[in-house]
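Secondary and tertiary structure notes
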Amino acid sequence: MPIRFKIRVVPLLATLLVASLGVLLGQWQTRRGDEKQAIQERMVERQAAPAITLDRGLLQQDPRQGEFRHVRLQGEFIAGWTIYLDNRPYRSMAGMYVLTPFKIAGSDKAVLVERGWVARDLNDRTKLPQLQTPAGTVEIEGILRLGAGHLLQLGTADAMQPGVILQNLDIASFAKTSGLALVPFVIEQGLDAANAQDGLVRDWPAPSLGIERHRGYALQWYALALMAVIFFVVTGFRSGKK
């Protein structure tokens, strides 16, 4: 008995559409994964490099060129404009990131420094922690980051003011309200002997780039394309038998 395969126009067009869509989306997710992989490799390479001084020359460059680099800078903390980023847990404990602007020595610019993590008061969520901020000219080290991370914003954010507890950081809004000439990045302050006793945790989480998520999505789209082709072939042979 001869094996017959019957081609029907509508199923063929539908298969071509679904298979093409699956391949295109799979390729897109693959490219996104490759881009994130390149970012991760650049991040590891830059973090392993020696610290560089954040001076006037570096401030004039595109901050993306220095992202993830260890930087060293001198200046003064502006303690009166300390703010807090809420919903930043650490080892399953509720807490906040403490950010204080830092006036860079020899420049009219300031940078927001993520000084560390502190636990929330579970009985009074509006109570601010008692922190010691170094006075006078100090030298700090940290990692240059383009932002402080973004969380889903529920409701309207509180007005920018000293001591405010926010969900997300808007550097432009902070600069406008405070009147400070802020650069468009932040510094994740590292742990050293000078700040080891201030009660802040500086065990910063590694950036989550979602590389494996993109790989998984790509596999799912390719599988969808393959399933569409297999379904078309199987139904074609079954129609041929009939």
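Whatever comes next refers back to the structure up there.
About the thresholds
Residues numbered from 1 in each chain as written. Predicted model: local features only at pLDDT ≥ 70, side-chain atom pairs only at ≥ 80, totals over all residues. Heavy atoms only, no water. Helix = DSSP H or I, 4+ residues; strand = E, 2+ residues; numbered from the N terminus. Rg over C-alpha atoms; globule rule 2.2 N^0.38 Å. Areas by Shrake-Rupley, 256 points an atom, 1.4 Å probe, with all protein chains shown as cover. Lys, Arg positive; Asp, Glu negative; His and termini not counted. Charge placed at Lys NZ, Arg CZ, Asp CG, Glu CD. Phe/Tyr/Trp six-rings, centres within 6.5 Å; stacked < 30°, edge-to-face > 60°. Buried < 20%, exposed > 50% of the residue type's maximum accessible area, 1.4 Å probe, protein only. Core = buried A, V, L, I, M, F, W, Y, C linked by side-chain atoms within 4.5 Å. Contact = heavy atoms within 4.5 Å. Salt bridge = Lys/Arg side-chain N within 4 Å of Asp/Glu carboxyl O. 1 Å grid on protein atoms, 1.4 Å probe; cavity = no way out; pocket = protein on both sides within 12 Å on 5 of 7 lines; lining within 4 Å. Points joined across faces, edges and corners; volume = space filled by probe spheres on them. Nonpolar A, V, L, I, M, F, W, Y, C, P; charged D, E, K, R; others polar.

**As for the overall build of the chain**
Secondary structure summary: the chain contains four helices and eight strands in total. Along its sequence from the N terminus, the chain presents helices and strands in the succession α-β-α-β-β-β-β-β-β-α-β-α. The C-alpha atoms of the chain give 26 Å as radius of gyration, which overshoots the globular expectation for 242 residues (18 Å, by more than 25%). Across its three principal axes, the chain shows a C-alpha extent of roughly 95 × 45 × 35 Å. Entry remark: accessible area of the chain is about 14700 Å², with carbon and sulfur atoms responsible for 57%. Side-chain charges of the chain comprise 28 positive and 22 negative groups, with the mean position of each set lying 16 Å from the other.

**A word on the packing of aromatic side chains**
By the definition in use, this model includes four aromatic pairs. Ring geometry for tyrosine 97 versus tryptophan 204: centroids 5.1 Å apart, planes at 75°, classification edge-to-face. In this pair, tyrosine 97 is assigned in strand β4 (residues 95-104) and tryptophan 204 in the loop between β8 (182-189) and α4 (211-241), connecting sequence segments 107 residues apart. Of the two residues, tyrosine 97 and tryptophan 204, neither departs from the other in class, the shared state being buried.

**Considering the nonpolar core**
In terms of nonpolar packing, the biggest core is built from 20 residues, with Ile83, Leu85, Leu112, Leu169, Phe174 and Leu182 touching the most fellow members. For leucine 85, the residues in contact, after removing those within four places along its chain, are Gly95, Met96, Tyr97, Leu99, Ala148, Leu166, Gln167, Asn168 and Leu169. Membership of the second largest hydrophobic core comes to 15 residues, among which are Leu54, Ile104, Val113 and Ile140.

**Describing the pattern of salt bridges**
Within the structure shown, the criterion is met by nine salt bridges. Across the salt bridge formed by arginine 32 and glutamate 35, the nearest N and O atoms sit 3.1 Å from each other. One end of the pair, arginine 32, and the other, glutamate 35, are both in helix α1 (residues 9-48), three residues apart, so they sit about a helical turn from each other. Taking the relative accessible area as the measure of exposure, glutamate 35 reaches 41% and is therefore partly exposed. Between glutamate 141 and arginine 72 there is a salt bridge, and its shortest N-O distance comes to 3.3 Å. Of this pair, glutamate 141 sits in strand β6 (residues 138-145) while arginine 72 is found in strand β2 (residues 70-77), placing the two residues 69 residues apart along the sequence. Taking the relative accessible area as the measure of exposure, glutamate 141 reaches 34% and is therefore partly exposed. Arginine 72 gets classed as partly exposed once you look at its relative accessible area, which sits at 25%. The network of salt bridges with common partners includes Asp86, Arg120 and Arg125.

**A word on the side chain of arginine 69**
Mapped onto the elements, arginine 69 comes out in the loop between α2 (56-59) and β2. The buried charged residue arginine 69 lacks any salt bridge partner; its closest oppositely charged side chain belongs to glutamate 45, at an N-O distance of 8.4 Å. Once residues lying within four places of it in the same chain are set aside, the contact partners of arginine 69 are Arg46, Ala49, Pro50, Ile52, Gly142, Ile143 and Leu144.

**What to know about unusual backbone geometry**
Residue phenylalanine 68 is not a glycine yet carries a positive backbone phi of 75°. For phenylalanine 68, the location among the structural elements is in the loop between α2 and β2. For arginine 91, which is not a glycine, the phi torsion comes out positive at approximately 50°.

**Overview of the layout of surface pockets**
In this model, the largest pocket occupies a volume close to 520 Å³. Around the largest pocket sit 23 residues that line it, and Arg145, Ala148, Gly149, Pro207 and Ser208 are the ones nearest its centre. The residue inventory of the lining of the largest pocket, partitioned by class, reads twelve nonpolar, five polar and six charged.

**Describing the environment of arginine 69**
Under the relative-accessibility criterion, arginine 69 is labelled buried at 18%. For the pair arginine 69 and arginine 125, spaced 56 residues apart in sequence, the C-alpha separation works out to 34 Å.

It is worth stressing that arrangement in space is one thing and function is another; only the former is reported here.
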